[in-house]
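Coordinates in review
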Amino acid sequence: MWLAAAAPSLARRLLFLGPPPPPLLLRLLSRSSRRRRRRLHSLGLAAMPEKRPFERLPADVSPINYSLCLKPDLLDFTFEGKLEAAAQVRQATNQIVMNCADIDIITASYAPEGDEEIHATGFNYQNEDEKVTLSFPSTLQTGTGTLKIDFVGELNDKMKGFYRSKYTTPSGEVRYAAVTQFENVIDRKPYPDDENVVEVKFARTPVMSTYLVAFVVGEYDFVETRSKDGVCVRVYTPVGKAEQGKFALEVAAKTLPFYKDYFNVPYPLPKIDLIAIADFAAGAMENWGLVTYRETALLIDPKNSCSSSRQWVALVVGHELAHQWFGNLVTMEWWTHLWLNEGFASWIEYLCVDHCFPEYDIWTQFVSADYTRAQELDALDNSHPIEVSVGHPAEVDEIFDAISYSKGASVIRMLHDYIGDKDFKKGMNMYLTKFQQKNAATEDLWESLENASGKPIAAVMNTWTKQMGFPLIYVEAEQVEDDRLLRLSQRKFCASGPYVGEDCPQWMVPITISTSEDPNHAKLKILMDKPEMNVVLKNVKPDQWVKLNLGTVGFYRTQYSSAMLESLLPGIRDLSLPPVDRLGLQNDLFSLARAGIISTVEVLKVMEAFVNEPNYTVWSDLSCNLGILSTLLSHTDFYEEIQEFVKDVFSPIGERLGWDPKPGEGHLDALLRGLVLGKLGKAGHKATLEEARRRFKDHVEGKQILSADLRSPVYLTVLKHGDGTTLDIMLKLHKQADMQEEKNRIERVLGATLSPELIQKVLTFALSEEVRPQDTVSVIGGVAGGSKHGRKAAWKFIKDNWEELYNRYQGGFLISRLIKLSVEGFAVDKMAGEVKAFFESHPAPSAERTIQQCCENILLNAAWLKRDAESIHQYLLQRKASPPTA
Ligand code: BES
Ligand code: ZN
């Protein structure tokens, strides 16, 4: 990645197509990667092997400034482009290597300043590497000059580069917009002479990375405001839907001054536009000053949007606006540091939403959405370090995963807690100020934070970012007179059990310890920098519990001695443990069971202790784990028994909540009601099923429209326990839906349908024109996760339609998501072999690691099932015979 320096104002769009990085940056890279290898060696780890040979651009010619003129044709789906770039030849050469993908160069020339043009005589495309080499008949001498390139390309339908996005006008006419998505295509792809053509000129940008350039040509409405700090903010919506932009507009206008204060650096541009794009592969993209979003990540309709959509829009807006500073003003030096961008934005989006909507209790949700998800992935042997060497573009796609995002965010949360907010902010400001309009690496952030805090940040953080995985802290306690002596030890946690082998990796772990005397405050904070440590807690009475990891902030799992665990469990029942600690404890126990360290029956007993639980997020995490267990047990003949268990666990809270909101309820109550009713309905809870059917009928007949928050659980319930008529009604509702949110809501639950013919119908629908290409993945994934037959049918469907699916996403991260959703539910050894063999003959380079992770998960599931199925079955039978008293 390189930056272009600003040049005198040029009338046209300024941007990209990439001559090489300045030599200084290249030298820095080779030096820092040598340093890193040495350090890894001393940690006893090998650096990840570089999979494919790939070289960054040579440094002999570098760009100074771009002027780009583009002319899209929205009828023929083509475009013409002219590039004029001020460039500097640093070392005499007769060729220029640039990034380039999917465009055809018509002519190219280089004119040394004050001299004649030299026309390139050869264009050698290296398509695999997304590069082109321009050859010149004579040597380009050192000095500055102008590079001119005329080119043409196709407005593709792959949601990458310069592409076309399909939309329907309010009168029902199908039209196209021209849209860009350049990350991670580094700087590739993409004039006026005809009087019917409108020429729009843009001002010069600050020095910036080329992957952050964006342009959109299409019809849109917008709403506008000015933030407190004077930035003009607009949200662009489809025509006729300007109202739906108001929520995001409000969030954006609140967020800009929040970040300005937090970083103590003003927003660097005079305006920011947020725009909803119909066909969009990612969730959103942080292009500088023009942030692009999926419709569902930006548009909110006061009546038809549910609470979780509001929350999602707030988080995504918070995330992409954070990148305007962290990522755009300062850009990572190379993709190895992608995590820094994404992990940081994925952390601070929560800080921002907590500021805008304290009632969302969003930090608790962080733990179940990001922290536990990251630990699940990072416990696999096929995980990877946060900082991972990246070469070829296919390897860049691969690292947009839960390690970069969720583990990245989790270790930053731990770091923030370790440093404290004041020094953290100070360090952030130092970093952003020092590196503004420049590139930076992970080390640079540590240095700033170290200067600000005086703490050994690099030493602590290297153990988290340069080696994969995280520790399991084992703890046992002994009462010594008035004090409690704790013995702690750390060992890498693996999804298959604790790490065995000698050179066990070690972490520097910030650990907090609380007691029942004051469950919300740490009695002691330590930095565990050894494999074993003894700690004395002064004045702890024998009847008090002691807990590690207050707030579930430390990125580790805890295994308590039986006595310590025994003393903590009443704190779940009587709610004296804080919610996020109850959540963390339950989640740790669940993963210990999956890893075979404790028995799954133990966890079922703990789950039963949540009878009085009022907290949405605690329920949400528990529900997720019960879902995983249900999927596992769908391989057995006692699936119905686990459904009974689900019903028993969720009925009391279901009864307390009822179907209709009570006065004074808020956001979290709405989320909880939807979760619980969905869970009960799916498990076939009779009263819930009957009420869902009644309300669905009224909804369809137009008698009483379902509130947005109740739609997902009701749709899911009636579909799962319905027939072909129910599916047809759902498909009709889908067709009639005006909002993409409603279409997605329906698409996600279609897979709940049970009969083989209906499942086939849903799979066919997934690839039809009715479903936007980016949403096909969730329809097929929904089928795979919906039922035992669905799982098999989805896998067969993927194999049968592989070419079409692969071609649709051109590799890319959506293909990884599709594979993950579709195969990770298997729990039979031979399926791991089958999946592996299929992808050996149908390679998907950007999904290689995901495929390995899936195969590992299948084997883990199979082992889990073999180990625990019988005892779970016995427990469920015995429970049925003598139900526990609440
Ligand atoms: N920079 C990414 C968008 C992106 C993702 C580009 C993958 C290329 C490949 C953006 O900032 C982002 O992280 N978007 C998220 C949404 C966010 C709220 C987690 C996404 O698209 O999922
Ligand atoms: Zn991001």
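Quick look at the structure, then. Just so it is clear, the model here is predicted, and its values are computed rather than measured.

1. Focus: the overall build of the protein chain
- When its secondary structure is counted, the protein chain shows 28 helices and 25 strands.
- Relative to the globule expectation of 29 Å for 886 residues, the C-alpha radius of gyration of the protein chain, 28 Å, shows essentially globular dimensions.
- Dimensions of the protein chain, computed from the C-alpha atoms along their principal axes, are close to 95 × 65 × 55 Å.
- Within the span of the protein chain, comprising 886 residues, buried residues form 60% of the whole.
- If you sum the accessible surface of the protein chain, you get close to 34900 Å²; carbon and sulfur atoms cover 52% of it.
- On the protein chain, the mean spot of the 99 positive side-chain charges and the mean spot of the 116 negative ones are 2 Å from each other.

2. Re unusual backbone geometry
- Look at Asn264: it is not a glycine, yet its phi comes out positive at around 55°.
- When you line up the elements, Asn264 lands in the loop between helix 2 (246–263) and strand 13 (271–277).
- Phi is positive for Glu481, close to 55°, though the residue is something other than glycine.
- If you trace the backbone, Glu481 turns up in the loop between strand 18 (471–480) and strand 19 (483–494).

3. Section: the sheet that holds strand 12 (residues 232–237)
- Judged by pairing direction, the sheet is mixed, and its five strands sit side by side in the order 11-12-13-15-14 without closing on themselves. Single-partner strands in this sheet number two, and they are strand 11 (221–226) and strand 14 (284–285).
- Together, strand 11, strand 12 and strand 13 form the strand contacts of helix 2, whose direction differs from that of strand 12 by roughly 155°.

4. As for the site of ligand 1
- What surrounds ligand 1 is a group of 15 residues, the closest being Glu183, Gly283, Glu286, Glu320 and Tyr405.
- Here a nitrogen atom of ligand 1 and a side-chain polar atom of Glu183 are 2.6 Å apart.
- One of the side-chain nitrogen or oxygen atoms of Glu320 is found 2.7 Å away from an oxygen atom of ligand 1.
- Across the complex, the protein chains shield 91% of the 510 Å² of accessible surface that ligand 1 would expose by itself.
- Among the secondary structure elements, those contributing two or more residues to the shell around ligand 1 are strand 14 and helix 3 (307–325).

5. Topic: the sheet that holds strand 24 (residues 546–548)
- Read from one edge of the open sheet, three strands run 22-21-24, paired in antiparallel fashion. A single partner strand is all that each edge strand has here, and the edge strands are strand 22 (524–528) and strand 24. Neighbour to neighbour, the strand axes of the sheet diverge by 25° on average, direction disregarded.
- Pairing between strand 21 (residues 509–515) and strand 24: three bridges, direction antiparallel. Paired with Ile513 across the bridge in strand 24 is Leu548.

6. Notes on the packing of aromatic side chains
- For the structure on display, the rule yields 42 aromatic pairs.
- Lying over the aromatic face of Phe247, Arg310 brings its terminal NZ or CZ to 5.9 Å of the ring centre.
- Across from the ring centre of Tyr418, 5.1 Å away, lies the NZ or CZ of Lys455, which sits over that ring.

7. Considerations on the environment of Lys131
- Position of Lys131 relative to the elements: it lies in strand 7 (residues 131–140).
- C-alpha of Lys131 to C-alpha of Glu173: the two residues are 42 residues apart in sequence and 39 Å apart in space.
- Once residues within four sequence positions are removed from consideration, Lys131 is found in contact with Phe54, Glu55, Leu57, Val97, Met98, Asn99, Cys100, Asn124, Tyr125 and Gln126.
- Within the structure, the side chain of Lys131 is placed 2.5 Å from the backbone oxygen of Glu55, a separation counted as a polar contact.

8. As for the packing of helix 4 (residues 338–356) against helix 5 (residues 362–378)
- In contact at an axis separation of 9 Å, helix 4 and helix 5 are set at 155° when each is read in the N-to-C sense. Here helix 4 is positioned roughly antiparallel relative to helix 5, judged by the angle of their axes. Helix-helix and strand crossings are classified by hand; for helix 4 and helix 5 the assignment is right-handed. Between helix 4 and helix 5, the residues in contact are Ser346, Trp347, Tyr350, Leu351, Val353 and Asp354 and Ile362, Trp363, Gln365, Phe366, Ala369 and Asp370, respectively.
- Broken down by class, the residue content of the contact of helix 4 with helix 5 amounts to eight nonpolar, two polar and two charged.

9. Overview of helix 8 (residues 421–435)
- Taking 1.5 Å per residue, 15 residues should reach 21 Å; helix 8 reaches 21 Å between its end C-alpha atoms and fits that length.
- Along helix 8, the residues classified as buried are Phe424, Gly427, Met428, Asn429, Tyr431, Leu432 and Phe435.
- Of the residues flanking the end of helix 8, it is Gln437, one or two places downstream, whose phi is positive at about 55°.

10. Observations regarding the packing of helix 19 (residues 708–720) against helix 20 (residues 724–736)
- The contact between helix 19 and helix 20 brings their axes to 9 Å, and the two run at 145°. Where helix 19 crosses over helix 20, the two elements pack in a sense that is left-handed. For the pair formed by helix 19 and helix 20, the contact residues are Tyr715, Val718 and Leu719 on the first element and Thr726, Leu727, Met730 and Leu733 on the second.
- Here the contact of helix 19 with helix 20 is built from residues that sort into six nonpolar, one polar and no charged.

11. Regarding the side chain of Ser404
- Inspection of the secondary structure assignment puts Ser404 in helix 7 (residues 403–419).
- A distance of 2.5 Å separates a polar atom in the side chain of Ser404 from the backbone oxygen of Ile399.

12. Quick word on helix 10 (residues 457–465)
- Burial runs high along helix 10: seven of the nine residues are buried.
- All buried positions along helix 10 are accounted for by Ile457, Val460, Met461, Asn462, Thr463, Trp464 and Thr465.

13. Examining a nonpolar patch on the surface
- Together, Val198, Val200 and Phe202 line one region of the surface with nonpolar side chains, adding up to about 310 Å² of accessible area.
- Among the secondary structure elements, Phe202 is positioned in the loop between strand 10 (174–181) and strand 11.
- Taking the relative accessible area as the measure of exposure, Phe202 reaches 37% and is therefore partly exposed.

14. Section: the pattern of salt bridges
- As enumerated under the stated definition, the model contains 51 salt bridges in all.
- Residues participating in the shared-partner salt-bridge network are Asp660, Glu691, Arg694, Arg695 and Asp698.

Calculation notes
- Residues numbered from 1 in each chain as written.
- Chains lettered and ligands numbered in written order.
- Predicted model: local features only at pLDDT ≥ 70, side-chain atom pairs only at ≥ 80, totals over all residues.
- Heavy atoms only, no water.
- Helix = DSSP H or I, 4+ residues; strand = E, 2+ residues; numbered from the N terminus.
- Rg over C-alpha atoms; globule rule 2.2 N^0.38 Å.
- Buried < 20%, exposed > 50% of the residue type's maximum accessible area, 1.4 Å probe, protein only.
- Areas by Shrake-Rupley, 256 points an atom, 1.4 Å probe, with all protein chains shown as cover.
- Lys, Arg positive; Asp, Glu negative; His and termini not counted.
- Charge placed at Lys NZ, Arg CZ, Asp CG, Glu CD.
- Pairing = 2+ DSSP bridges.
- Contact = heavy atoms within 4.5 Å.
- Axes fitted to C-alpha atoms, helices over the stretch in contact; angles between N-to-C directions.
- Near = heavy atom within 4 Å.
- Polar contact = N/O pair within 3.5 Å; in protein donor to acceptor, adjacent residues only side chain to side chain.
- Phe/Tyr/Trp six-rings, centres within 6.5 Å; stacked < 30°, edge-to-face > 60°.
- Lys NZ or Arg CZ within 6 Å of the ring centre and 35° of its normal.
- Parallel < 35°, antiparallel > 145°, perpendicular 65-115°, else oblique.
- Left-handed = near helix turned anticlockwise from the far one by under 90°.
- Nonpolar A, V, L, I, M, F, W, Y, C, P; charged D, E, K, R; others polar.
- Expected span 1.5 Å × (residues − 1).
- Patch = residues over 30% accessible without salt bridge, like charges linked within 9 Å, V, L, I, M, F, W, Y side chains within 5 Å.
- Salt bridge = Lys/Arg side-chain N within 4 Å of Asp/Glu carboxyl O.

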